[in-house]
Amino acid sequence: MRARAEELRRLLNRAAHAYYVLDAPELEDAVYDRLYRELEQLERLQPGLISPDSPTQRVGGAPAEGFQSVRHRIGLLSLDNAFSTEELEAWYGRLLKVLDRPGPSGDDLPALPMVGELKIDGNALALSYERGLLVRAATRGDGESGEEITANVRTIQSVPLRLLLENPPPWVEVRGEALIPDHTFAAINAERAERGEALFANPRNACAGTLRQLDPAVVAARRLDFFAYTLHLPDAWTPASGAADPARPLSQWQSLQWLAAAGFRVNPNAALCPDLAAVEAFFAAWEHKRRQLPYATDGVVVKLDDLRLQADAGFTQKAPRWAIALKYAAEEAPSRLLRLVAQVGRTGVITPVAEFEPVGLAGTSVSRATLHNADRLAELDLHAGDTIVVRKAGEIIPEVVRVLAELRPPGAAPLQLPSSCPECGSELVREEGEAATRCVNSSCPAILRGTLRHWVSKGAMDVDGLGAKLVEQLVDRGLVRSIADLYRLDAALLASLERMGEKSAANLVDALEASKQQAWHRQLHGLGIHHVGAVNAKVLAKGFPSAAELYAAAQQTPERLTALHGIGSEIAQSLQQWFATPSNQGLLDQLKQLGFSMAAGEGELAASANSSAEATGIDGREVLAGRTFVLTGTLPSLSRSQAQALIEAAGGKVTGSVSKKTSYLVAGEEAGSKLAKAESLGVPVLDEAELRALLASGP
Ligand code: IVH
């Protein structure tokens, strides 16, 4: 029985390592479960068989009363930060000096190999192994002593209970970062919201809170992960000769390999950099890529590779001289709300926008951020003078993440959207079941400005020289009341406007004239019909080579519209409404009089005949060739089959399940396990708008 128990233990531990650390399962779940239960039963019959490295001992023991403070065998240091590559270079210069390797005069510094590692935004842990067995795990605490949380850490499947070494050292100290993956974090908060409990602010806080849970069963349910990054071994210890164990590491790079060989999960995104330029390239390469990772990172940790040189360089008061944390620009910052404004979009949709004291975020100064819609505004419960947290992640539009209600001035008034349009004064409308609040006055100047800007935009008429400021002047002075009016402007009048000259006025008139030759699908797109973006316009223009034919179909045979790839009843309805509106009919007539075809030209007809058999993207290119997509959840405007049709029309493939080979997951509302899986595999996730952008531009 003892031998069987030992065999089972070894097999199950190996399978867990393959599953949780290597991401390469080697046992079927059901087989694992059976064998696990067999081991449990053996241990129940004969408790003497239980060993501390048995997989059954990961969740065990009663909830603790509290945590003991323990002194670390080797202190946990913190790191100095660098916020720019200049600061990194200054650090490197100091390091060379301490090591007595001053550079030659000139620009070339002597090259020292360094390891670049992602700085994981989790919680540092200290793990102690004795003769290969995990005997203690502790939080960082003040660096000298922390709290003993062994029972909790034992539940982390990627922490080995026994090192995978034949002849383990008498003791080993391992440092690394515990974390909660983003998708697990979202699930935890969703559950907490359901139970009416306070939400965790971010995955790091959730992780810290979990590690200090008194009940290990709760910790087990939260599924933490752990990446090991530092190794301490007894001085002068070397592995016994003859064993298959890895040699004693002489560098940080070798330490990472040693840790992986001993059974730890080591972050795969580390790089051995021959010189400072390589470190900077590593930092730059991860600035955007890191957003695809399923966990948070906030910089790169740079470590001198050679352990002997590390020892030579030594420490300052609190941090090693041989390492530094190079941080990415902050993407979130607090600011003071100045006012709430209602912005009127091209379609009349009202977007609440917060204006606040300017803050530097991800390299730019930000003073406005969207609040999306009235629901979000209500959820944030914004009050005058509130302190808000603003985020600008990458290229994304700045948004207000939350309000720090604790800092609210006493007696502050709650803020709401106005009930009338700030531009034209007409009453705003919110239809039942719709998130959007709208101004429905078609002659609202804000709507007109948006309509004109859309008409001349790149994807539509592509007219240069008609920017926001000029459009504003034209509308405010009553010079332009519709798209058609743009084509009645004369150069002399334009030249008299602010910031215009004769040359720019003449150029603009020419550009407008030239735009009359734009393709039919661009004309259609430019009209700004609700739901008819660049992609749909292209599909519709191909199916209906003139406005007249499209009009007729929309009124009489909408099923001919919905028979097209990607065109659903919502779009058909929107077209029908648009054509039925007299002012729109008038616009079409005027545009035709001005020289617009409102139909496909001969060239376009020929091209579409040639290509109709072959699937093409928006510009007739197979922009998604070779890409595999998975769809999940409910998209805001596309049905599953429409999204699939669009992807396929652009040369992409749609499959049913997420794997490492999936190029993108397109996720809508109520996305479930596919989203979690994509995040865990680092597969990029797109929403509908991003999918459309991809279709429009290509990857
Ligand atoms: S090395 C002396 N490596 O960052 C070495 N730390 O700001 C100190 N961290 O307390 C740690 N990823 O919690 C190291 N790859 C990494 C890291 C990392 C995240 C954390 C760690 C540390 C903090 C210092």
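Residues numbered from 1 in each chain as written. Predicted model: local features only at pLDDT ≥ 70, side-chain atom pairs only at ≥ 80, totals over all residues. Heavy atoms only, no water.

> Outline the overall build of the chain, supporting the account with residue identities and numerical values.
For the chain, the helix and strand inventory stands at 26 helices and 22 strands. Going through the 699 residues of the chain one by one, you find that 45% of them count as buried. Carbon and sulfur atoms provide 50% of the accessible area of the chain, an area that totals close to 34,400 Å². Computing the positive centroid from 72 side-chain charges and the negative centroid from 86, the chain places the two 3 Å apart. (Helix = DSSP H or I, 4+ residues; strand = E, 2+ residues; numbered from the N terminus. Buried < 20%, exposed > 50% of the residue type's maximum accessible area, 1.4 Å probe, protein only. Areas by Shrake-Rupley, 256 points an atom, 1.4 Å probe, with all protein chains shown as cover. Lys, Arg positive; Asp, Glu negative; His and termini not counted. Charge placed at Lys NZ, Arg CZ, Asp CG, Glu CD.)

> Give me the lowdown on the packing of aromatic side chains, citing residues and values where you can.
Scanning the model with the defined rule gives 12 aromatic pairs in all. Centroid distance Tyr19 to Tyr20: 4.8 Å. Interplanar angle 70°. Geometry classified as edge-to-face. The structure contains a cluster of three or more aromatic residues connected by ring pairs, namely Trp455, Tyr487 and Phe596. We note Lys289 situated over the ring of Trp286; from NZ or CZ to the ring centre the distance is 4.3 Å. (Phe/Tyr/Trp six-rings, centres within 6.5 Å; stacked < 30°, edge-to-face > 60°. Lys NZ or Arg CZ within 6 Å of the ring centre and 35° of its normal.)

> An account of the sheet that holds strand β11 (residues 323-327) is requested, with residue identities and associated values reported.
Taken in spatial order, the 5 strands of this open sheet run β2-β11-β10-β3-β9, and their pairing is mixed. Each edge of the sheet is formed by a strand with only one pairing partner; in this case those strands are β2 (81-82) and β9 (271-273). Strand direction decides the pairing type here: strand β3 (residues 114-120) and β9, joined by 3 bridges, are antiparallel. Bridge pairing in β9 links Val115 to Leu272. Packed on one face of the sheet, helix α3 (residues 85-98) meets β2, β3, β10 (297-304) and β11 and runs near 175° to β11. Packed onto the sheet, helix α8 (residues 252-261) meets β3, β9 and β10 and runs at close to 55° relative to β3. (Pairing = 2+ DSSP bridges. Contact = heavy atoms within 4.5 Å. Axes fitted to C-alpha atoms, helices over the stretch in contact; angles between N-to-C directions.)

> Tell me about the packing of α3 against helix α9 (residues 276-289), and name the residues and values.
Helix packing for two helices is described by the angle between their axes and how far apart those axes are. With their axes 11 Å apart at the nearest point, α3 and α9 run at an angle of 150° to one another. One finds that α3 runs roughly antiparallel with respect to α9. Once α3 is placed against α9, the crossing between them reads as right-handed. On α9, the residues that touch Thr85, Leu88, Glu89 and Tyr92 of α3 are Leu276, Val279 and Glu280. Its residues placed into classes, the contact of α3 with α9 shows 4 nonpolar, 1 polar and 2 charged. (Parallel < 35°, antiparallel > 145°, perpendicular 65-115°, else oblique. Left-handed = near helix turned anticlockwise from the far one by under 90°. Nonpolar A, V, L, I, M, F, W, Y, C, P; charged D, E, K, R; others polar.)

> Give a detailed account of the sheet that holds strand β19 (residues 628-632), specifying residues and quantitative values.
The 4 strands are arranged β20-β19-β21-β22 in an open sheet whose pairing can be described as parallel. Of all strands in the sheet, those with a lone pairing partner are β20 (653-655) and β22 (685-686), marking the two edges. As paired elements, β19 and β20 share 3 bridges and run parallel to each other. Residue pairing in the sheet places Thr628 in a bridge with Lys653 of β20. Its contacts with the sheet put helix α24 (residues 640-649) on β19 and β20, and the angle it makes with β19 is roughly 170°.

> Could you give me a rundown of the environment of Lys677, with the residues and numbers involved?
Along the chain, Lys677 turns up in helix α25 (residues 673-681). According to the relative accessible area criterion, Lys677 is partly exposed, its value standing at 41%. For the pair formed by Lys677 and Asp182, sequence separation is 495 residues and the distance between their alpha carbons is 11 Å.

> So what about the site of the ligand? Which residues, and what values?
Near the ligand you find 13 residues, and of these Glu117, Lys119, Glu177, Tyr229 and Lys303 are the closest. Within the backbone of Ile120, a nitrogen or oxygen atom sits 3.1 Å from a nitrogen atom of the ligand. Interatomic distance of 3.4 Å between a side-chain N/O atom of Tyr229 and an oxygen atom of the ligand. Per-element tally for the shell around the ligand: the top contributor is β3, with 4 residues. (Near = heavy atom within 4 Å. Polar contact = N/O pair within 3.5 Å; in protein donor to acceptor, adjacent residues only side chain to side chain.)

> Can you break down the pairing of strand β12 (residues 332-344) residue by residue, with the values?
With 5 bridges connecting them, β12 and strand β15 (residues 387-391) associate as antiparallel partners. By the bridge assignment, Pro334 is partnered in β15 with Val389. In this sheet, strand β13 (residues 349-361) lies alongside β12 in antiparallel orientation, the contact comprising 7 bridges. Following the sheet pairing, Arg339 is matched in β13 by Glu355.

> Can you tell me about the pattern of salt bridges, naming the residues and giving the values?
On inspection of all chains with the given rule, the structure shows 31 salt bridges. Glu355 serves as the salt-bridge partner of Arg368, at 2.5 Å between the closest nitrogen and oxygen. Taken together, the residues span a long stretch of sequence, with Arg368 in strand β14 (residues 364-370) and Glu355 in strand β13 at a distance of 13 residues. Ionic pairing is found between Lys516 and Glu513, a salt bridge with its closest N-O pair at 3.1 Å. Because the salt bridges share partners, they merge into one network encompassing Arg73, Glu130, Glu173 and Arg175. (Salt bridge = Lys/Arg side-chain N within 4 Å of Asp/Glu carboxyl O.)

> Give me the lowdown on the nonpolar core, citing residues and values where you can.
Counting 51 residues, the largest nonpolar core has Trp455, Leu486, Leu561 and Leu575 as its most contacted members. Residue contributions to this core peak at 5 residues, all from helix α21 (residues 569-580). Those residues within four positions of Leu486 in sequence are excluded, and the remaining contacts are Leu452, Trp455, Val456, Leu466, Leu474, Val480 and Leu512. Ranked by size, the runner-up nonpolar core spans 37 residues in total, among them Val115, Ile180, Ile188 and Trp237. (Core = buried A, V, L, I, M, F, W, Y, C linked by side-chain atoms within 4.5 Å.)

> Any details on helix α22 (residues 582-594)? Residues and values, ideally.
Because an α-helix completes one turn every 3.6 residues, residues spaced three or four positions apart along the sequence face the same direction. Taking 1.5 Å as the rise per residue, α22 with 13 residues should run 18 Å; its terminal C-alpha atoms sit 18 Å apart, in good agreement. Asn584, Leu587, Leu588, Leu591 and Leu594 are the residues of α22 that are buried. All buried residues of α22 lie within an arc of 130° about the axis, which places them on one face of the element. For α22, exposure combined with an orientation more than 90 degrees from the buried face picks out Pro582 and Gln593. (Expected span 1.5 Å × (residues − 1). Arc of directions from axis to C-beta.)

> Tell me about α24, residues and numbers included.
By the burial criterion, the buried members of α24 are Gln642, Ala643, Ala645, Leu646, Ile647 and Ala649. In the segment just after α24, Gly651 is the residue with positive phi, at about 90°.

> Quick rundown of unusual backbone geometry? Include the residues and the values.
Its identity as a non-glycine residue notwithstanding, Arg223 has a phi of 45°, on the positive side. Tracing the backbone shows Arg223 in the loop between α7 (216-222) and β8 (225-232). One non-glycine residue, Arg499, adopts positive backbone phi at about 60°. Mapped onto the elements, Arg499 comes out in the loop between α15 (491-495) and α16 (502-515).

> Give me the lowdown on the packing of helix α19 (residues 547-556) against α21, citing residues and values where you can.
At a minimum axis distance of 9 Å, the contact between α19 and α21 shows a crossing angle of 115°. Our classification of the angle between α19 and α21 gives roughly perpendicular. As for how α19 packs across α21, the hand of that crossing is left-handed. Taken together, the residues of α21 that come into contact with α19 (itself represented by Ala547, Leu550, Tyr551, Ala554 and Gln555) are Leu575, Gln576, Phe579 and Ala580. Across the contact of α19 with α21, the residue classes break down as 7 nonpolar, 2 polar and no charged.

> Which residues make up the side chain of Thr628, and what values go with them?
Secondary-structure assignment places Thr628 in strand β19. If sequence neighbours within four positions are ignored, Thr628 has contacts with Lys653, Thr655, Lys661, Thr662, Ser663 and Tyr664.

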